[in-house]
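A structural walkthrough
Here are the chains, one letter per residue:
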Amino acid sequence: MLKIILPTIMLLPTALLSPTKFLWTNITTHSLLIATMSLHWLTPTYFPHKTATQWTAIDQISSPLMVLSCWLLPLMLMASQNHLHQEPPTRKRIFITTLILIQPFILLAFSTTELTMFYISFEATLIPTLILITRWGNQPERLSAGIYLLFYTLISSLPLLVTILYLHTQTGTLHLALLNLMNSPMSTSWTSLLSSLALLMAFMVKAPLYGLHLWLPKAHVEAPIAGSMLLAALLLKLGGYGIMRVTTLMTPLMNYLYYPFLALALWGALMTSSICLRQTDLKALIAYSSVSHMGLVIAAGMIQTQWSFSGAMILMISHGLTSSMLFCLANTNYERTHSRILLLTRNLQPILPLMAIWWLLANLTNMALPPTTNLMAELTIMITLFNWSIFTIILTGAATLLTAAYTLFMLLTTQRGVMPTYITSMQNSNTREHLLMTLHILPMLLLILKPELISGMPL
């Protein structure tokens, strides 16, 4: 654990002391090294916790998410090189520092075994994200987006803190392993109903559940590319991970508490997919699509069977890579045409033919085409939902149909159609962008060969 966290913290002096000429090279190679070192977490064990120290332990649920967060740091750095190259070197250093600061907090949040520690790191990831959005966003609306993000998260997570303290007075411990072994402190009284709601609510806002998702499209649209990748790939997964961790503590209550959440999550997957069909803004479209995918994750986390947990894990990992890749592609369009509106960025296939391949691959994975882990995850989740109640097949089936529809709509509007008259010249796609897309799509294609690495099951 320390051999990843210490090099990650040592990235800070690297960012501040590297000569300007070697700044990007040093940081990117160092973080890629950390990412390759973190792959050893994926080795399956028969024990529930690997590398257990007093506060942190890695089990099958947290290790894929931690590897994903290590993997995305170099990718975020590579993606944001272009829009930073006008800035003075001090600002570049500050930007890189904020990106690096989030990393240890995310790793701690995924690996901690103690609920107060989890709460602290869960909240600490908010501050650098806020700095990224409100300082490096593109439009002046980024301030309102930052306020939305801040207040949605804070209002939902204050009850979480109170409930954690209440749990501590009830049980005398907040250690996850001990809480799972003890009889659940929740009874069927009003107090425990409200405390279960408070425990779930913070993660529902983060994940986001439909109805509490309004901060997400705003934050995504206004964030710079690194902020978008961070939000879509890692911070939403904190919500899903929290739901999977917390629901196991709430055994007696869950029977009638999860009906509204399940209904909202599935209905939200349907609604956000249909919102995507009428969307004009490319980044908002991808943001809404991630709401609909995370709706499936929430539904699976509520059911709490082993199948649904492994389906939720696989979907979280594959959605992290897919949506991050889609945001990178949207950003390459934005850097060339300076517009996010779909009607103004049409017919890019003849101009950038290699980029069209990446667009096609990313959209096919988003649609959950057969040889991808997305398909495996969605099928697993749909089977568990169908097993739980037959009628869910109507909602999930309609949601997949609409997902395919809006993904094809996005592909066709960006790659085909009439050429806008004002596009006279466009710079070529460069090696950095191709490497970025390759590093997104390669794990996706390789993981289907051994999906039990990310299935969250003790093998």
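Residues numbered from 1 in each chain as written. Predicted model: local features only at pLDDT ≥ 70, side-chain atom pairs only at ≥ 80, totals over all residues. Heavy atoms only, no water.

1. Things to note about the environment of T29
By the secondary structure assignment, T29 is in helix α2 (residues 23-37). Judged by its relative accessible area of 44%, T29 is partly exposed. Separated by 364 residues in the primary sequence, T29 and I393 have C-alpha atoms spaced 46 Å apart. Within the structure, T29 has its side chain in polar contact with the backbone oxygen of T25 (distance 2.6 Å). (Helix = DSSP H or I, 4+ residues; strand = E, 2+ residues; numbered from the N terminus. Buried < 20%, exposed > 50% of the residue type's maximum accessible area, 1.4 Å probe, protein only. Polar contact = N/O pair within 3.5 Å; in protein donor to acceptor, adjacent residues only side chain to side chain.)

2. What to know about the side chain of R245
Position of R245 among the secondary structure elements: in helix α12 (residues 225-246). Accessibility expressed as a relative area gives 15% for R245, which makes it buried. The residues contacting R245, other than those within four sequence positions of it, are D59, I61, S62 and L176. (Contact = heavy atoms within 4.5 Å.)

3. With respect to empty space enclosed by the protein
Evaluated as defined, the whole model comprises four cavities of 30 Å³ or more. Taken as a whole, the largest cavity holds about 90 Å³ of empty space. In terms of lining, the largest cavity is formed by 13 residues, of which the most central are L296, E378, A399, T400 and T403. Among the secondary structure elements, those contributing two or more residues to the lining of the largest cavity are α13 (254-277), α14 (282-303), α17 (373-388) and α18 (392-415). (1 Å grid on protein atoms, 1.4 Å probe; cavity = no way out; pocket = protein on both sides within 12 Å on 5 of 7 lines; lining within 4 Å. Points joined across faces, edges and corners; volume = space filled by probe spheres on them.)

4. Thoughts on the layout of surface pockets
Unoccupied space between atoms shows up once a probe the size of one water molecule is rolled over them. Reported here for the second largest pocket is a volume of approximately 400 Å³. Along its surface, the second largest pocket is lined by 21 residues, and H83, N138, Y334, E335 and H338 are the ones closest to its centre. Residue composition of the lining of the second largest pocket, by class: seven nonpolar, nine polar and five charged. (Nonpolar A, V, L, I, M, F, W, Y, C, P; charged D, E, K, R; others polar.)

5. Looking at unusual backbone geometry
Leaving glycine aside, a negative phi is the common case for residues, and trans is the common case for peptide bonds. Positive phi, close to 65 degrees, is recorded for Q304, a residue that is not glycine. For Q304, the position within the fold is in the loop between α14 and α15 (306-337).

6. Here's the deal with the packing of aromatic side chains
Counting across every chain of the model gives 10 aromatic pairs. Both rings, one in F95 and one in W136, keep their centres 5.0 Å apart while their planes meet at 80 degrees; by these two values the pair is edge-to-face. Of the two residues, F95 sits in helix α5 (residues 89-111) while W136 sits in helix α7 (residues 126-136), which places them 41 residues apart along the sequence. Like F95, the residue W136 is buried in the burial classification. With 5.4 Å between their ring centres and 75 degrees between their planes, F122 and F203 make a pair best called edge-to-face. One end of the pair, F122, is in helix α6 (residues 115-124); the other, F203, is in helix α10 (residues 190-206), and 81 residues separate them in sequence. Each member of the pair F122 and F203 is classed as buried. Through a chain of ring-to-ring contacts, three or more aromatic side chains come together here, namely F110, F118, F122, F203 and Y241. When the ring centre of Y148 is taken as origin, the NZ or CZ atom of K218, which lies over that ring, is 4.8 Å away. (Phe/Tyr/Trp six-rings, centres within 6.5 Å; stacked < 30°, edge-to-face > 60°. Lys NZ or Arg CZ within 6 Å of the ring centre and 35° of its normal.)

7. Some words on the pattern of salt bridges
One pass over the structure, following the stated rule, counts six salt bridges. In this structure, K450 engages E452 in a salt bridge whose closest nitrogen and oxygen atoms are separated by 3.1 Å. Judged by relative accessible area, K450 falls into the partly exposed class, the value being 38%. For E452, a relative accessible area of 30% translates into the label partly exposed. Taken together, the salt bridges that share partners define one network made up of R336, R432 and E433. (Salt bridge = Lys/Arg side-chain N within 4 Å of Asp/Glu carboxyl O.)

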